[in-house]
Amino acid sequence: MSRRVRRKVARKGKDKVVLPSYPELEDEGSSLDQKVVVDWTRLPDDTVIQLFTCLNYRDRASLSSTCRTWRVLGISPCLWQSLDLRPHKCDATTTASLASRCVNLQKLRFRGAESADAIISLKARGLREISGDYCRKISDATLSVIAARHEALESLQLGPDFCERISSDAIKAIAICCPKLRKLRLSGIRDVDGEAINALAKHCWNLTDIGFIDCLNVDEIALGNVLSVQFLSVAGTTNMKWVLVSQHWGKLPNLTGLDVSRTDVVPTVLRLLSSSRSLKVLCALNCPALEEDSSFSNNKGKSLLALFTDIFKGLASLFVDISKQERNIFSDWRNLKKKDKNLDEIMNWLEWILSHSLLRIAESNPQGLDNFWLSQGAALLLSLMQSSQEDVQERAATGLATFVVIDDENASIDGGRAEAVMKDGGICLLLNLARSWREGLQSEAAKAIANLSVNTNVAKAVAEEGGINILANLARSMNRLVAEEAAGGLWNLSVGEEHKGAIAEAGGVKALVDLIFKWSTGGDGVLVCAFERAAGALANLAADDKCSMEVAVVGGVHALVMLARNCKFEGVQEQAARALANLAAHGDSNSNNAAVGRETGALEALVQLTRSPHEGVRQEAAGALWNLSFDDRNREAIAAAGGVEALVALAHSCSNASPGLQERAAGALWGLSVSEANSIAIGREGGVAPLIALSRSECEDVHETAAGALWNLAFNPGNAFRIVEEGGVPALVHLCSLSASKMARFMAALALAYMFDGRMDEFALIGTSSESTSKSVSLDGARRMALKRIEAFVLTFSDPQTFAAAAASSAPASLSQVTESARIPEAGHLRCSGAEIGRFVTMLRNPSSILKACAAFALLQFTIPGGRHAVHHVTLMQNAGAPRVLRAAAAAANAPLEAKIFAKIVLRNLEHHQTELNSKE
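Residues numbered from 1 in each chain as written. Predicted model: local features only at pLDDT ≥ 70, side-chain atom pairs only at ≥ 80, totals over all residues. Heavy atoms only, no water.

Looking at an unreviewed UniProt entry, the protein carries the name F-box domain-containing protein, with the source organism given as Rhododendron griersonianum. UniProt lists a comment for the protein under the heading Subcellular location (unreviewed entry), and it reads "Nucleus". According to its UniProt record, the protein has this under Sequence similarities (unreviewed entry): "Belongs to the beta-catenin family." (UniProt positions renumbered as here; feature names shortened; annotations may be inferred.)

Put into structure tokens, the structure is as follows:
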């Protein structure tokens, strides 16, 4: 057969021009490289409808709005045979607008009582399947009206949460109005009486599948009258009279599958039920009485599915050919070329009840099931995730998300269970579900991925399989539930430093910020979770310098400040404050610190959050203010916004709080006290006493921030006297002696040096102020105690042999050895003002040899090459005339050896920096 070649014709003016055709090249696809304008409106109708089937309802609506032709195709009956209203806020107005499309609707899923009330407005009289969840508030009246309006109903499922307001009256109405009913599954009914069940037996002759799950009371005798029933589940139902069950249910002529999971059924009853000729499978998961009876075993050829049996083997026994691998029984069944209708019904029912019971067991998380989950539970959930039943897939994914969690509050998961999911290929399965157009599957798959990603190995596998891009895309979803779970996944993945860059590259930062803006006017519980997770993910990402810049570029500062100002939920406030704290933590490398301070209402909001009743919020708000106070403008703006008063009050209130809150409260006061005006305000506001109390903490991080704040405060003579009055000298002496932190000991020594270098003496004669009540203070005793401690502190950094060698030769090697032994690495992060450097230079002339040594030791720390602010300090020292004073101190005959050696090292540091500066010029 020869190929037929169509020649291409192009129009040139009014004439036709025949273009050459090269079929060989066309076969290779080169024609696809040409730029061709495609008229999508000319696609065949069948193609467009097929395109619609791949989209969710929201995208179908968007596509329908593009042109008149597609609007007509968008309401084609074949596209509206099933409808999932769960992701949408559905009221009577919404359903009325959909009514014209739903004339031929066959299957409906909804969520909540409001949606249930609105279903009637759909006018889908031919509806065959209804499935609802979050049905606690659905009443008898609503359910009865739904039944009355849908006489063709064949399947009704409400659960898995409890239907607390539904009674037997509604079940009777269902029986009378829906004679074609084949499947009825209800959860959490208080009482299912005999009259209701007998009505089902009388009117619903085709009723083959009954589930009264997690009910309080069910009439066992009446259930024995429903002769049509093939599949019966009373899982989780209490107050069952098992003697009556054994007497009446065993006689049901068509009973094929029975589920008594999570009940107190006893082995005797199951043995009696096993005599049923029609019964093929018994499901009894998590039945304590069975598990305690080691003598109980399956008999009479019935398949028993229990936690202590091999469930895969039990399922395989239902098949004639059981030669294949038992673990693959679900996939083998789905791929059978020759279908068996009866077997398919059994397996579909088993998928449903197994997914339901496994999820319930995972939610209750009973002890002693580790072996079950690792040996077969995880594999069962993964197999069920591949079901053709969407609700089974969703529950299996939710089960995976749930069974790995040990402690929800602290986001702790079982590493063994998580890795069992990963080992069995669960990550790829979940990511494939997350790619589905069905938003219910997207949401549950994203939830499972999020929880599993708490495990670092799973997080790595998710990233390697492209999960970050998938989650970033889902975070852009218009479905709030999907976006929320995707944000949770990005939050957990962003904990790993190695994933932060990948999240930014995938557009995850912008997706998270857009999520906040998209629903910023909402306030329901779903939005709270979404905001908390988005803010938490942004907080983690903001800890990275490059990602923090990306957060700012895409509007993250405004979004986070908006949450901090407007949202009243503590989880959102905490994460928003933490994100702002991390954004402000890169003061030397980017401008985010200043940007946060410039954002309208940011500082005021953070100050207000320090008064929150929730400790986590107070802690993160104080941490943010601490970081922001490193910027000069922010520091003064925080004070103007009432930050001094708020933080002093916070320091007063947190004596018994967590070390994290104590550290940040003291740290924020330390940051504000860099300004002398703020320092004076803190003293007057009563900030000295709580800082002294915090300095007695058992945590060395708190020691550092409290000592730093007291050091800054002590620069002012009035504050120095307040510290003495409040008993701060013994506290600082204790800190300088025993703290495990060198930095805390160092700053405590400097605070004591400020207090007793002579400037406070004149102030002490007139008291702190006319408003204060002066306490009886012995300055002489306090001075002796302080100087003794300062001397001991400095001596801990002086080795006699090393100092003797340095004094004898002053060789660079000897001085370097002293420097290394005296160096406090963290001190290189301290930044002093010109006044502070000038004070230490002046202290070198102090009559006290101890203070001279302390001043030289401090200047050594501030000028060591490589220190973050060493060049800044050297410049200040040059301006203060320090070289001349240092040379005098190094040569003074009556100065202590430590002061001389430290002064020589400082001079050497100054020369080093000067040489470097000259070489650069």
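Still more ground to cover, so stick around.
With that out of the way, let us pick up the overall build of the protein. Helix and strand counts for the protein stand at 51 helices and 16 strands. Expressed as lengths along the three principal axes of its C-alpha atoms, the size of the protein is roughly 110 × 95 × 55 Å. Within the span of the protein, comprising 921 residues, buried residues form 55% of the whole. Looking at the protein alone, contacts between residues at least 24 apart form 68% of all its contacts between residues at least 6 apart. Of the roughly 40900 Å² that the protein leaves accessible, carbon and sulfur atoms contribute 50%. Here the protein contributes 98 positive and 102 negative side-chain charges, whose respective centroids are spaced 5 Å apart. (Helix = DSSP H or I, 4+ residues; strand = E, 2+ residues; numbered from the N terminus. Buried < 20%, exposed > 50% of the residue type's maximum accessible area, 1.4 Å probe, protein only. Contact = heavy atoms within 4.5 Å. Areas by Shrake-Rupley, 256 points an atom, 1.4 Å probe, with all protein chains shown as cover. Lys, Arg positive; Asp, Glu negative; His and termini not counted. Charge placed at Lys NZ, Arg CZ, Asp CG, Glu CD.)

The subject of this paragraph is the UniProt feature "repeat: ARM" (unreviewed entry) in the protein. In this structure's numbering, the residues bearing the UniProt feature "repeat: ARM" (unreviewed entry) are residues 425–467, 466–508, 555–586, 601–643, 642–687 and 686–728. Segment residues 466–508 splits into 77% helix and 0% strand. End C-alpha atoms: 13 Å apart. Here residues 686–728 runs as 77% helix and 0% strand, with 13 Å between its end C-alpha atoms.

This part is about the packing of aromatic side chains. Under the definition given, this model contains 15 aromatic pairs. The interplanar angle of 75° and the centroid separation of 5.8 Å between the aromatic rings of Phe 746 and Phe 857 together place this pair among those described as edge-to-face. Note that Phe 746 is positioned in helix 42 (residues 742–755) and Phe 857 in helix 48 (residues 849–863), a separation of 111 residues in sequence. In this structure Phe 746 comes out as buried when scored by relative accessible area, which is 1%. For Phe 857, a relative accessible area of 0% corresponds to the buried category. (Phe/Tyr/Trp six-rings, centres within 6.5 Å; stacked < 30°, edge-to-face > 60°.)

Another aspect to go through is the sheet that holds strand 13 (residues 281–283). Spatially, 10 strands are ordered 3-4-5-6-7-9-11-12-13-14 in an open sheet, and the strand pairing comes out parallel. Sheet topology places strand 3 (82–84) and strand 14 (303–305) at the edges, where each strand pairs with a single neighbour. Going across the sheet, the axis of each strand differs from the next one's by a mean of 10°, ignoring polarity. (Pairing = 2+ DSSP bridges. Axes fitted to C-alpha atoms, helices over the stretch in contact; angles between N-to-C directions.)

As a further point, take the nonpolar core. Within the largest apolar cluster, 235 residues are counted, with the highest numbers of intra-cluster contacts made by Phe 330, Leu 350, Trp 711, Phe 746, Met 755, Phe 840 and Phe 862. Of all hydrophobic cores here, the second largest spans 79 residues; its members include Phe 52, Leu 153, Cys 204 and Ala 222. (Core = buried A, V, L, I, M, F, W, Y, C linked by side-chain atoms within 4.5 Å.)

It is worth spelling out the pairing of strand 5 (residues 129–133) at this point. Remember that side chains alternate between the two faces of the sheet whenever the strand is regular. In terms of burial, strand 5 is a largely internal element, 4 of the 5 residues being buried. Considered for its hand, the β-α-β crossover made up of strand 4 (residues 107–111), helix 6 (residues 113–118) and strand 5 is right-handed. Here strand 5 runs beside strand 6 (residues 155–158); their pairing, made up of 4 bridges, is parallel. Its bridge partner being in strand 6, Ile 130 is matched across the sheet by Leu 156. With respect to chirality, the unit in which strand 5 leads through helix 7 (residues 140–149) into the neighbouring parallel strand 6 is right-handed. (Right-handed = clockwise from strand over helix to strand, strands pointing away.)

Moving on to unusual backbone geometry. Here the amide bond leading from Gly 159 into Pro 160 is cis, since omega sits at 10°, within 30 degrees of zero. Mapped onto the fold, Pro 160 is located in the loop between strand 6 and helix 8 (168–177). Not every positive phi belongs to a glycine, and Lys 123 is a case in point at roughly 55°. With a relative accessible area of 62%, Lys 123 lands in the exposed category. If you check the backbone angles, Asn 286 has positive phi at about 55° while not being a glycine. Relative to the elements of secondary structure, Asn 286 occurs in the loop between strand 13 and helix 13 (288–292).

Here we take up the environment of Asp 757. In this structure, Asp 757 sits in the loop between helix 42 and helix 43 (759–766). Residues Asp 757 and Asp 370, spaced 387 residues apart in sequence, show a C-alpha to C-alpha distance of 66 Å. Of note is the side chain of Asp 757, whose polar atom sits 2.8 Å from the side chain of Arg 839. (Polar contact = N/O pair within 3.5 Å; in protein donor to acceptor, adjacent residues only side chain to side chain.)

Our next topic: helix 40 (residues 717–725). Extensive coverage of helix 40 is indicated by the burial of 8 of its 9 residues. Among all positions in helix 40, only Gly 718, Asn 719, Ala 720, Phe 721, Arg 722, Ile 723, Val 724 and Glu 725 are buried.

The next thing to look at is the environment of Lys 500. With respect to the helices, strands and loops of the structure, Lys 500 is situated in helix 25 (residues 497–505). Residue class for Lys 500 comes out buried when judged on its relative accessible area of 3%. Put simply, Lys 500 and Ala 542 are 42 residues apart on the chain and 9.2 Å apart in space, counted from C-alpha to C-alpha. Every residue in contact with Lys 500, bar those within four places of it in the chain, is listed here: Ser 494, Val 495, Asn 540, Leu 541, Asp 544 and Cys 547. Separated by 2.8 Å, the side chain of Lys 500 and the backbone oxygen of Ser 494 make a polar contact.

Quick look at the confidence of the model for the protein now. Per-residue pLDDT for the protein has a mean of 88; in total, 92% of the residues score no lower than 70. The low-confidence segment residues 1–33, where pLDDT is below 50, has 21 contacts with residues more than four positions distant or belonging to other chains. Long-range and interchain partners of residues 768–776, a stretch whose pLDDT sits below 50, account for 10 contacts in this model, where long-range means more than four residues apart. (pLDDT = per-residue confidence, 0-100.)

Before going further, it helps to examine the packing of helix 41 (residues 728–738) against helix 42. When two helices pack together, their arrangement is given by the angle between the helix axes and by the axis-to-axis distance. Where helix 41 contacts helix 42, the two axes come as close as 7 Å, and the packing angle between them is 145°. The two elements helix 41 and helix 42 cross, and the hand of that crossing is left-handed. Counted together, Val 729, Leu 732, Val 733, Leu 735, Cys 736 and Ser 737 of helix 41 and Ala 744, Arg 745, Ala 748, Ala 749, Ala 751, Leu 752 and Met 755 of helix 42 form the full contact between these two elements. (Left-handed = near helix turned anticlockwise from the far one by under 90°.)

Let's shift gears to helix 16 (residues 341–364). In this model helix 16 runs 35 Å from its N-terminal to its C-terminal C-alpha over 24 residues, within 8% of the 34 Å that 1.5 Å per residue would give. A large share of helix 16 lies buried, amounting to 18 of its 24 residues. For helix 16, the N-terminal cap is Asp 340; the gap from its side-chain oxygen to the backbone nitrogen of Asn 342 is 3.0 Å. In the stretch just after helix 16, Asn 365 is the one whose phi turns positive, near 50°. (Expected span 1.5 Å × (residues − 1).)

Turning our attention to the pattern of salt bridges. If the charged atoms of two oppositely charged side chains come close together, the side chains can form a pair. One pass over the structure, following the stated rule, counts 27 salt bridges. Note that Glu 351 is salt-bridged to Arg 334, the shortest N-O span being 2.8 Å. Within this pair, whereas Glu 351 is found in helix 16, its partner Arg 334 is found in helix 15 (residues 329–334), the two being separated by 17 residues in sequence. As a salt-bridge pair, Lys 447 and Glu 444 come within 3.3 Å of each other at their nearest N and O atoms. Linking Lys 447 with Glu 444, this pair stays in helix 21 (residues 439–452), spanning 3 residues, or about one helical turn. In this structure Lys 447 comes out as partly exposed when scored by relative accessible area, which is 22%. Shared partners join several salt bridges into a network, and the residues in it are Asp 84, Arg 86, Arg 109, Glu 390, Glu 394 and Arg 438. (Salt bridge = Lys/Arg side-chain N within 4 Å of Asp/Glu carboxyl O.)

Turning our attention to the side chain of Thr 610. Residue placement: Thr 610 occurs in the loop between helix 32 (602–609) and helix 33 (615–628). Looking at Thr 610, the relative accessible area reads 3%, which means it is buried. Polar side-chain contacts of Thr 610 include one of 2.5 Å to the backbone oxygen of Val 607. Excluding residues that lie within four positions of it along the chain, Thr 610 makes contacts with Arg 618, Ala 621, Ala 622, Leu 625, Ala 646, Leu 647 and Leu 650.

The next thing to look at is the environment of Ala 152. Mapped onto the elements, Ala 152 comes out in the loop between helix 7 and strand 6. In sequence terms Ala 152 and Leu 354 are 202 residues apart; their C-alpha atoms lie 28 Å from each other. Contacts of Ala 152, omitting those with residues within four sequence positions, involve Arg 125, Gly 126, Leu 127, Arg 128 and Lys 180.

Turning our attention to the pairing of strand 9 (residues 209–213). With 5 of 5 residues buried, strand 9 lies mostly within the body of the structure. The pairing of strand 7 (residues 183–187) with strand 9 spans 5 bridges and is classified as parallel. If you follow Ser 187 over to strand 9, its bridge partner there is Ile 213. With 3 bridges connecting them, strand 9 and strand 11 (residues 231–233) associate as parallel partners.

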